[in-house]
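Coordinate inspection notes
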Amino acid sequence: MAPPEVYYNEEEAKKYSQNSRIIEIQTQMSERAVELLSLPEDQACYLLDVGCGSGLSGDHLSEVGHFWVGVDISTAMLDVALRREVEGDLVLSDMGQGMPFRPGTFDGCVSISALQWLCNADKKTHSPPKRLYRFFSSLYSTLARGARAVFQIYPENSEQLELITAQAMKAGFTGGLVVDYPNSSKAKKFFLCLFAGVSGVLPKGLESEATDRSVSSQAQFTAQRSRFKNMKGKSVKKSKDWIVEKKERRRRQGKGVRADTKYTGRHRRPHF
Amino acid sequence: MKLLTHNMLTSHVKGVVKGYPLVIKATEVKVNELEFNAQFVSRMIPKLEWSALIQAAEWLGQSQDLPSTLIPNYEKDEDFLRKVHRILLEVEVIEGCLQCPESGREFPISKGVPNMLLDEGE
């Protein structure tokens, strides 16, 4: 497998602006990552997006009202982000070389499908543990006290996971892995949640409704998700609030709309 | 590259002690309009290196009438917050470079994106 700056060439980068399936998945994962950040409500924050690529996750950050800086190693991907006119500032940089920002800068950090790239030794001089450590220690420093970093990752195996978490802990982070839909091979998602400076309570992973009955706390977390409004006073797109509002709007326009029931805007398994 | 980002950027080359603030050498600067968020600007001000911001504004010919030191009670002064909003978020360096004050090493800026990639050994 080629290193990320080679793999994400112009052709691959194009997919990220045109393939609706990729866009949908990346957006969903960004929403979940922001949820896991547990930022103070109704406050525009200053966030770091590591491996921001074409800006799909950044767009969600802007949608919700935050300001962000994105770093990525691929010029082709950043070019797509520029064409898409993302609101965040972009920086061309290799995460394994450390984050080039002053201490205490960011209120939080998200990273979607990027961290596993650090585990490959692309050059003879690369030592994955060293690069991971340089990344995590500089990230720890550049986060404000009490800030979180949430990484959506696709770990190849448990060794890779251990390598990542070991370097994160060495750098001073606490936290752990949140697994959503652990029983579905298709829907399963991993989010590494790290806390800088304060020990936090690790959020619960999402469960498929069909399999888990004892779920009062799980359901609570899910309900919280759809109630989240963004800073512009609008409901987050596709959330239950947004769906209910849209149906109302269409009723006012005199269009035929199904009645609201307890199933309206209910969270469905991703295969829908 | 907005000046808010510039205020946070530092050289991360190994061994460099004083890699901040990076000197801006701009050949193309753009001014955009962005929705004013007083709360955000107010919250960011304590995080800023104020003197570095003033200096950056001067390099770009955009100092307008920003005070050289922070005024007390700035949270209530909307005029002041709007000036800070403009300089932090509306002024963008499109082409140019950033220079490390200690080593002189240059980081080019192209299409508004600073290139912070380091060479082997840095």
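Residues numbered from 1 in each chain as written. Chains lettered and ligands numbered in written order. Predicted model: local features only at pLDDT ≥ 70, side-chain atom pairs only at ≥ 80, totals over all residues. Heavy atoms only, no water.

**What to know about the overall build of chain A**
- Assigned secondary structure in chain A consists of nine helices and seven strands.
- Buried residues in chain A amount to 49% of all 272 residues.
- Summed over its atoms, the accessible surface of chain A is roughly 13400 Å², and 50% of this surface lies on carbon and sulfur atoms. (Helix = DSSP H or I, 4+ residues; strand = E, 2+ residues; numbered from the N terminus. Buried < 20%, exposed > 50% of the residue type's maximum accessible area, 1.4 Å probe, protein only. Areas by Shrake-Rupley, 256 points an atom, 1.4 Å probe, with all protein chains shown as cover.)

**A closer look at the sheet that holds strand 3 (residues 89-92) of chain A**
All names here are of chain A.
- Taken together, seven strands build an open sheet; the order of strands is 3-2-1-4-5-7-6 and the sheet is mixed. Each having just a single partner strand, strand 3 and strand 6 (174-180) make up the two edges of the open sheet. Taking each pair of neighbouring strands and ignoring which way they run, the sheet shows an average axis angle of 20°.
- Across seven bridges, the pairing between strand 6 and strand 7 (residues 189-195) is antiparallel. Within the sheet, the bridge partner assigned to Leu177 lies in strand 7 and is Leu192.
- In this fold helix 6 (residues 128-142) packs onto strand 1 (46-50), strand 4 (106-112), strand 5 (143-153) and strand 7, with an angle of close to 140° to the strand it touches most, strand 5. (Pairing = 2+ DSSP bridges. Axes fitted to C-alpha atoms, helices over the stretch in contact; angles between N-to-C directions. Contact = heavy atoms within 4.5 Å.)

**Details of the UniProt feature "domain: Methyltransferase type" (unreviewed entry) in chain A**
- Here, the residues flagged by UniProt with the feature "domain: Methyltransferase type" (unreviewed entry) are residues 48-123 of chain A.
- Note that residues 48-123 of chain A is 22% helix and 26% strand, and that its end C-alpha atoms are spaced 26 Å apart. (UniProt positions renumbered as here; feature names shortened; annotations may be inferred.)

**Topic: the environment of Ser93 of chain A**
- Within the secondary structure, Ser93 of chain A sits in the loop between strand 3 and strand 4.
- Overall, the relative accessible area of 2% leaves Ser93 of chain A in the buried class.
- A C-alpha to C-alpha distance of 9.5 Å links Ser93 of chain A and Gly70 of chain A, two positions 23 residues apart in sequence.
- If we ignore the near neighbours within four places in the chain, the residues touching Ser93 of chain A are Val71, Asp72, Ile73, Gly98 and Pro100 of chain A together with Met116 and Leu117 of chain B.

**Focus: the packing of aromatic side chains**
All names here are of chain A.
- Under the criterion given, the structure shown has 14 aromatic pairs over all chains.
- Aromatic side chains Phe101 and Phe106 sit 5.1 Å apart centroid to centroid with 85° between the ring planes, which places their arrangement in the edge-to-face category.
- Overall, Phe106 belongs to the buried group, its relative accessible area being 0%.
- Sitting above the plane of the Tyr140 ring, Arg145 keeps its charged end 4.8 Å from the centroid. (Phe/Tyr/Trp six-rings, centres within 6.5 Å; stacked < 30°, edge-to-face > 60°. Lys NZ or Arg CZ within 6 Å of the ring centre and 35° of its normal.)

**Quick notes on the side chain of Glu92 of chain B**
Residue and element names in this part refer to chain B.
- Along the chain, Glu92 falls in strand 2 (residues 91-99).
- The buried charged residue Glu92 lacks any salt bridge partner; its closest oppositely charged side chain belongs to Lys2, at an N-O distance of 4.5 Å.
- In this structure the side chain of Glu92 is engaged in a polar contact, spanning 2.5 Å, whose partner is the side chain of Asn32. (Lys, Arg positive; Asp, Glu negative; His and termini not counted. Salt bridge = Lys/Arg side-chain N within 4 Å of Asp/Glu carboxyl O. Polar contact = N/O pair within 3.5 Å; in protein donor to acceptor, adjacent residues only side chain to side chain.)

**So, the sheet that holds strand 1 (residues 23-31) of chain B**
All names here are of chain B.
- In space, the four strands of this open sheet follow the order 1-2-3-4, with antiparallel pairing throughout. Where the open sheet ends on each side, the last strands, each with one partner, are strand 1 and strand 4 (113-114).
- By the bridge criterion, two bridges tie strand 3 (residues 106-110) to strand 4 in an arrangement that is antiparallel. By the bridge assignment for strand 4, Ile109 is matched with Pro114.

**Thoughts on the nonpolar core**
- Within the largest apolar cluster, 71 residues are counted, with the highest numbers of intra-cluster contacts made by Leu115 and Phe136 of chain A.
- Per-element accounting of this core gives the leading share, six residues, to helix 4 (residues 78-90) of chain B.
- Those residues within four positions of Leu115 of chain A in sequence are excluded, and the remaining contacts are Met95, Leu132, Phe135, Phe136, Phe151, Ile153, Ile164 and Leu192 of chain A.
- One finds Leu39, Val150, Val178 and Phe191 of chain A within the second-largest nonpolar core, a separate group that totals 23 residues. (Core = buried A, V, L, I, M, F, W, Y, C linked by side-chain atoms within 4.5 Å.)

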